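Inside the fold
Each chain, written out:
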Amino acid sequence: MDNRQMEQAGRALGESRRVVVLTGAGVSAESGIPTFRDTMDGLWASFDPQQLATPEAFARDPELVTRWYDHRRLGCADCVPNAGHRALAEAQDSLEARGGSLALLTQNVDGLHTRAGSRDVVELHGSVMTWRCSRTAQPVSPPLPPEPWPEFPPLSPAGAPVRPDVVWFGEALPEAALARSYEALEHCDLLISVGTSAVVYPAAGFIEIVASRGAQTIEVNPQDTPMSSIVTFALRGKSAELLPTLVDAAFSD
Ligand code: OAD
């Protein structure tokens, strides 16, 4: 890892007051949750997303889709936040202590940022940890138990299949999440992109929005992405290692 890049990125973060962080599946990789596109161990390596993560797939085979998402839900419930998640929560504390802010925009549906202590997390692609009636959108309450649904597909009180609160391919992102994201992107001093392949829009475009305004950007990822050529600092490595180092460099006076 390039120490000079880290030093300069740490200074940029320490001098910022309004920070946006965009995270993808890579930030949860070291918590044991598979990413999507990493070959071999990525989720899509063993499943075809078009067969599972679309409204059409759910309509065609609600049992298969709800079994798969309940498997992912239980997998996430068994995992714990890693040092990268915790570093982002600490960064939010440090920035707020200086009168600044940190807006955390995540593409992940695993809930680990909130469990690590991050506040006001924007879940761009929803959550697999909460479910709703597919007909009435009535949320399932109380929160789901740490064991599988008793039947598949699970049925709501209205008698319709229950679905996870995740955004499926072809569905719109939550309007409130998008509005909060664009508001934060327009006014931030710095954006940090962590663990995303930066190929799924609109999230991938967030880096371009900030860079085009001339604000600084940091990418934390083991490998290059389509956005690597426009970021200010490219920190190559695992987020559970790099984020604590970056946050320490920024805020430990
Ligand atoms: P991807 O699987 O596309 O990309 C994961 C990224 O994390 C890759 O760039 C990896 O190199 C990187 N990575 C792997 N291990 C890492 C580690 N230890 N530390 C840091 N980075 C690491 O996942 P996303 O970019 O999140 O959308 O995918 C975006 C969206 O595509 C997902 O939210 C999902 C998927 O379709 C929906 O389901 C709507």
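Residues numbered from 1 in each chain as written. Predicted model: local features only at pLDDT ≥ 70, side-chain atom pairs only at ≥ 80, totals over all residues. Heavy atoms only, no water.

Observations concerning the pattern of salt bridges
The condition is simple: Here, a salt bridge means any Lys or Arg side-chain nitrogen found within 4 Å of an Asp or Glu carboxyl oxygen. The secondary structure listing takes helices from DSSP runs of H or I that are at least 4 residues long and strands from runs of E that are at least 2 residues long, numbered from the N terminus. We call a residue buried when its accessible area falls under 20% of the maximum for its residue type, exposed when it is over 50%, and partly exposed in between, using a 1.4 Å probe and counting protein chains only.
Applying the stated criterion across every chain, the model contains nine salt bridges. Taking the shortest distance from any N to any O, the salt bridge between Arg132 and Asp165 comes out at 2.8 Å. Taken together, the residues span a long stretch of sequence, with Arg132 in strand E4 (residues 126-133) and Asp165 in strand E5 (residues 162-166) at a distance of 33 residues. By relative accessible area, which is 25% here, Arg132 ends up partly exposed. With its nearest N and O atoms 2.7 Å apart, the salt bridge here joins Arg236 to Glu219. Placement of the pair is Arg236 in strand E8 (residues 233-236) and Glu219 in strand E7 (residues 216-221), with a sequence separation of 17 residues. Classification of Arg236 as partly exposed rests on a relative accessible area of 24%. Shared partners join several salt bridges into a network, and the residues in it are Asp93, Glu96 and Arg119.

Here's the deal with the pairing of strand E1 (residues 18-23)
Where we set the bar: In this description, strands pair whenever DSSP reports at least two bridges between them.
Taking burial as the measure, the six residues of E1 include five buried ones, the bulk of the element. Both E1 and strand E2 (residues 101-106) contribute to a ladder of six bridges, which runs parallel. For Thr23, the partnering residue across the bridge sits in E2 and is Thr106.

Some remarks on the site of the ligand
Spelled out, the test is: Residue proximity to a molecule or strand is established when one non-hydrogen atom of the residue lies within 4 Å of it. Nitrogen and oxygen atoms within 3.5 Å of one another constitute a polar contact, given that in protein one can donate a hydrogen and the other can accept it, and given that sequence-neighbouring residues count only through two side-chain atoms. Per-residue accessibility takes into account occlusion by the displayed protein chains alone, with areas from the Shrake-Rupley method and a 1.4 Å probe. Any residue that is not Ala, Val, Leu, Ile, Met, Phe, Trp, Tyr, Cys, Pro, Asp, Glu, Lys or Arg is counted as polar, Gly included; the first ten are nonpolar and the last four charged. Segment limits for the domains were obtained from an automatic or database-derived domain assignment.
In the vicinity of the ligand lie 23 residues, with Ala25, Phe36, Arg37, Thr196 and Ser197 positioned nearest. Between the ligand and Gly26, the relevant distance is 3.4 Å, taken from a nitrogen atom to a main-chain nitrogen or oxygen of the residue. A distance of 2.7 Å separates an oxygen atom of the ligand from a polar atom in the backbone of Phe36. Within the complex, 93% of the 790 Å² of free accessible area of the ligand lies under protein. Across the shell around the ligand, the residue classes break down as eight nonpolar, 11 polar and four charged. Both domains that meet at the shell around the ligand, namely domain 1 (3-32 + 81-125 + 173-251) and domain 2 (37-78 + 128-166), each give it at least three residues.

Digging into the packing of aromatic side chains
Aromatic rings in a pair are described by how distant their centres are and how their planes are angled relative to each other. Rules: Only rings of Phe, Tyr and Trp enter the pairing, Trp through its six-membered ring, and a pair is recorded when the two centres are within 6.5 Å. The plane angle decides the type: under 30 degrees is stacked, over 60 is edge-to-face, the rest tilted. Two limits define a charge over a ring: the Lys NZ or Arg CZ must be within 6 Å of the ring centre, and within 35 degrees of the ring normal.
Applying the stated rule across the entire model yields five aromatic pairs. On the basis of an interplanar angle of 55 degrees and a centroid distance of 5.6 Å, the ring pair of Trp131 and Trp149 is categorised as tilted. Note that Trp131 is positioned in strand E4 and Trp149 in the loop between E4 and E5, a separation of 18 residues in sequence. Summarising the burial analysis for this pair, Trp131 and Trp149 share the class buried. Members of the aromatic cluster, each reached through a chain of ring pairs, are Phe58, Trp68, Tyr69 and Trp168. Looking at Arg72, its charged tip hangs above the ring of Trp68, at a distance of 5.0 Å from the centre. Sitting over the face of the ring of Trp168, Arg163 holds its NZ or CZ atom 3.8 Å from the ring centroid.

Some details on the environment of Gln216
Put simply, the rule is: It only takes one pair of heavy atoms within 4.5 Å for two residues to be counted as in contact.
Tracing the chain through its elements places Gln216 in strand E7. Through-space distance from the C-alpha of Gln216 to that of Arg60 is 45 Å; in sequence the pair is 156 residues apart. With residues near it in sequence (within four places) discarded, Gln216 still touches Ala12, Asp189, Leu190, Leu191, Val210, Thr232 and Phe233.

Concerning the sheet that holds strand E3 (residues 122-123)
The sheet built from six strands is open, its strands ordered E3-E2-E1-E6-E7-E8 with parallel pairing. Of all strands in the sheet, those bounded by a partner on one side alone are E3 and E8.

Quick word on unusual backbone geometry
In this structure, Pro153 follows Phe152 across a cis peptide bond, with omega equal to -5 degrees. Of note, Pro153 is situated in the loop between E4 and E5. With a phi close to 55 degrees, Asp120 is a non-glycine residue in the positive phi region. Its location among the elements puts Asp120 in the loop between helix H8 (112-115) and E3. Even without being glycine, Ala198 reaches a positive phi, approximately 55 degrees. Tracing the chain through its elements places Ala198 in the loop between strand E6 (190-194) and helix H10 (203-212). Classification of Ala198 by relative accessible area gives buried; the value is 3%.

By themselves these figures say nothing about function.
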